[in-house]
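# Structural overview
Given next are the chains, with one letter for each unit.
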Amino acid sequence: MKVMTVFGTRPEGIKMAPIIKTMENTPDIDNTVCITAQHREMLDQVLNLFNIDPDVDLNIFKPGQTLTEITMRALQGLEDVIKKVKPDVLLVQGDTTTVLSGALAAFYQKVKIGHVEAGLRSGNIYSPYPEEANRKLTGILADFHFAPTKMNKNNLLQEGYPEDKIFITGNTVIDALQYAVKKGYNFKIPQLDDMDYENKKVILITAHRRENIGKPMENIFSAVNKIVLKYNDVELVFPIHLNPKVREIAYKEFNGNDRVHIIEPLDYEPFTNLMARSHLVVTDSGGLQEEAPSLGKPVLVVREETERPEGIEAGTAKLVGTDYNNIYNTLDILISDHKEYAKIANAINPYGDGKASERIVDIILKHDTVR
Ligand code: UD1
Ligand code: UDP
């Protein structure tokens, strides 16, 4: 069977990698790895870690690229590749612009589509933007919906998708996490190895969502900064996204605070091991909302809506929005009140058991992929 995997950004790479590795060990599958490289450095980090050498690199990355530019260049590049490779099934993962372009390019060539991480819904087309729309549009084109959780499956059923096309698999991010997090991990980064994780409360923060850029992100950073200033035993580590708009706001809001460590994006291995040693996580990321609960780390989700309510239901994630006071007050309680902290620092894992990739590959092999 000929499979083609298409991805373009850091999180897609992380979550597609375990599937690619599983297919490498499946003699009946011949997989072509095609990257759009919507991200460049941040994707290359992932490819290096998982030892993936793409067969095709469309190299569409341009700094400051607009959604239209990404869509057009990815769609155009993919047409030629799909015509040449003629895959039986094309896999996309998640909700980025690469995902939508990949699904559309496959549909135009009447190639079957497997959508990994299907069925997540926030209910607001503008949040996350443009991801909620990308995911729904990809769903319409897909033949196989690999839903991480039961809730995701129910979302698809409610939208009228046939049950025999929906498969609950778990999220492949847990497969990747189990590969990366190790006891006694040595960062080989002095700043992280020298951190006193026992006596300090290390907060890990990431932020990049388009709808947060501007005032919401200023609120998030200034509330967190105020908390770091209030507690001497708190250190903040911010592996910052390469988006210059995020950097501009961060450098302004955290300026002059020497317990704030703004560092370059970390490779997946050091990043997840840092999360495993942190006190808590503040983020607007999708992937971190899945990883933090699995590692038993409280996670403050600085967004108005989430398409990942499982962590919130389980009690390890709190949806705090982007209001300054709400973020400040919630953090203040979690830092100062041990009982409150203990209540939500539970290792629960609503997102998978580390075998999602095996299930996905199995399903592809067992099903008819001819359109
Ligand atoms: C994209 C996805 C988002 C995903 C996120 C993961 C879309 C619309 N957005 O958002 O769903 O959550 O990736 O991080 O598909 N940049 C670099 N080098 C890189 C990557 C980014 O310099 O390796 C900078 C560039 O200036 C680029 C900007 O970041 O223009 C934004 O990148 P882009 O891919 O447009 O969107 P993200 O915000 O990264
Ligand atoms: N991540 C990483 N290095 C970093 C920050 C994040 O490897 O410096 C990983 C993180 O563990 C998660 C993924 O990148 O698996 C999340 O990516 P991002 O937040 O960019 O995208 P999202 O998940 O919001 O789509």
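Residues numbered from 1 in each chain as written. Chains lettered and ligands numbered in written order. Predicted model: local features only at pLDDT ≥ 70, side-chain atom pairs only at ≥ 80, totals over all residues. Heavy atoms only, no water.

### Concerning the site of ligand 1
Taken together, 25 residues lie near ligand 1, and Gln38, His39, Gly64, Thr97 and Glu131 sit nearest. One of the side-chain N or O atoms of histidine 39 is found 2.6 Å from an oxygen atom in ligand 1. The separation between an oxygen atom of ligand 1 and a polar main-chain atom of methionine 42 is 3.1 Å. In isolation ligand 1 offers 740 Å² of accessible surface; the protein chains occlude 95% of this area. Mapped onto the shell around ligand 1, the elements with two or more residues apiece are helix H2 (41-50) and helix H3 (67-85). (Near = heavy atom within 4 Å. Polar contact = N/O pair within 3.5 Å; in protein donor to acceptor, adjacent residues only side chain to side chain. Areas by Shrake-Rupley, 256 points an atom, 1.4 Å probe, with all protein chains shown as cover. Helix = DSSP H or I, 4+ residues; strand = E, 2+ residues; numbered from the N terminus.)

### Structural notes on the sheet that holds strand S1 (residues 2-7)
An order of S3-S2-S1-S4-S5-S6-S7 is seen for the seven strands of this open sheet, with the pairing classed as parallel. Only two strands of the sheet have a single neighbouring strand rather than two, namely strand S3 (56-57) and strand S7 (166-168). As defined by bridge partners, strand S2 (residues 30-35) adjoins S3 across two bridges and the pair is classed as parallel. Counterpart to isoleucine 35 in the pairing with S3 is aspartate 57. Contacts from helix H5 (residues 131-141) reach strand S4 (89-93), strand S5 (112-116) and strand S6 (144-147), with the element oriented near 140° to S5. Across the sheet, helix H6 (residues 150-158) touches S6 and S7, and the angle it forms with S7 is around 165°. (Pairing = 2+ DSSP bridges. Contact = heavy atoms within 4.5 Å. Axes fitted to C-alpha atoms, helices over the stretch in contact; angles between N-to-C directions.)

### What to know about the pairing of S5
Counted residue by residue, S5 has five buried out of five residues, so it is predominantly covered. The side-chain alternation of S5 yields two buried faces, one formed by Lys112, Gly114 and Val116 and the other by Ile113 and His115. In this sheet, S5 lies alongside S4 in parallel orientation, the contact comprising five bridges. Bridge pairing links glutamine 93 to valine 116 in S5. Assessed by its sense of winding, the connection that carries the chain from S4 through helix H4 (residues 97-108) to S5 is right-handed. With three bridges joining them, S5 and S6 adopt parallel strand pairing. Bridged to valine 116 within S6 is phenylalanine 146. (Buried < 20%, exposed > 50% of the residue type's maximum accessible area, 1.4 Å probe, protein only. Right-handed = clockwise from strand over helix to strand, strands pointing away.)

### A closer look at the pattern of salt bridges
The full count for this structure, using the stated rule, is 26 salt bridges. In this structure, arginine 40 engages aspartate 57 in a salt bridge whose closest nitrogen and oxygen atoms are separated by 3.1 Å. Of this pair, arginine 40 sits in the loop between S2 and H2 while aspartate 57 sits in strand S3, and the two are 17 residues apart along the sequence. Overall, arginine 40 belongs to the buried group, its relative accessible area being 17%. Its relative accessible area of 38% is what places aspartate 57 among the partly exposed residues. (Salt bridge = Lys/Arg side-chain N within 4 Å of Asp/Glu carboxyl O.)

### A few points about the nonpolar core
With 34 residues, the main nonpolar core has Phe7, Ile19, Leu91, Phe146 and Tyr268 as its most contacted residues. At six residues, helix H1 (residues 10-24) tops the list of elements feeding residues into this core. Sequence-distant contacts of phenylalanine 146, that is, excluding residues within four places in its chain, are made with Leu91, Gly114, His115, Val116, Glu117, Ala118, Phe167, Thr169, Ile360, Ile363 and Ile364. Listed in part, the 31 residues of the second largest apolar core include Met217, Ile240, Val260 and Ile335. (Core = buried A, V, L, I, M, F, W, Y, C linked by side-chain atoms within 4.5 Å.)

### Re the site of ligand 2
As a structural note, the neighbourhood of ligand 2 is formed by 17 residues, with Leu266, Ser285, Gly286, Gly287 and Glu291 the closest of them. A distance of 2.9 Å is found between an oxygen atom of ligand 2 and a side-chain nitrogen or oxygen belonging to histidine 208. Backbone polar atom of glycine 287 to an oxygen atom of ligand 2: 2.7 Å apart, as the coordinates give it. When ligand 2 sits alone it has 540 Å² of accessible area, and the protein chains cover 95% of it. Counting only elements with at least two residues in the shell around ligand 2, the list comes to H1, helix H11 (268-277) and helix H12 (286-294). The element best represented in the shell around ligand 2 is H12, accounting for four residues. Here the shell around ligand 2 is composed, by residue class, of eight nonpolar, five polar and four charged. (Nonpolar A, V, L, I, M, F, W, Y, C, P; charged D, E, K, R; others polar.)

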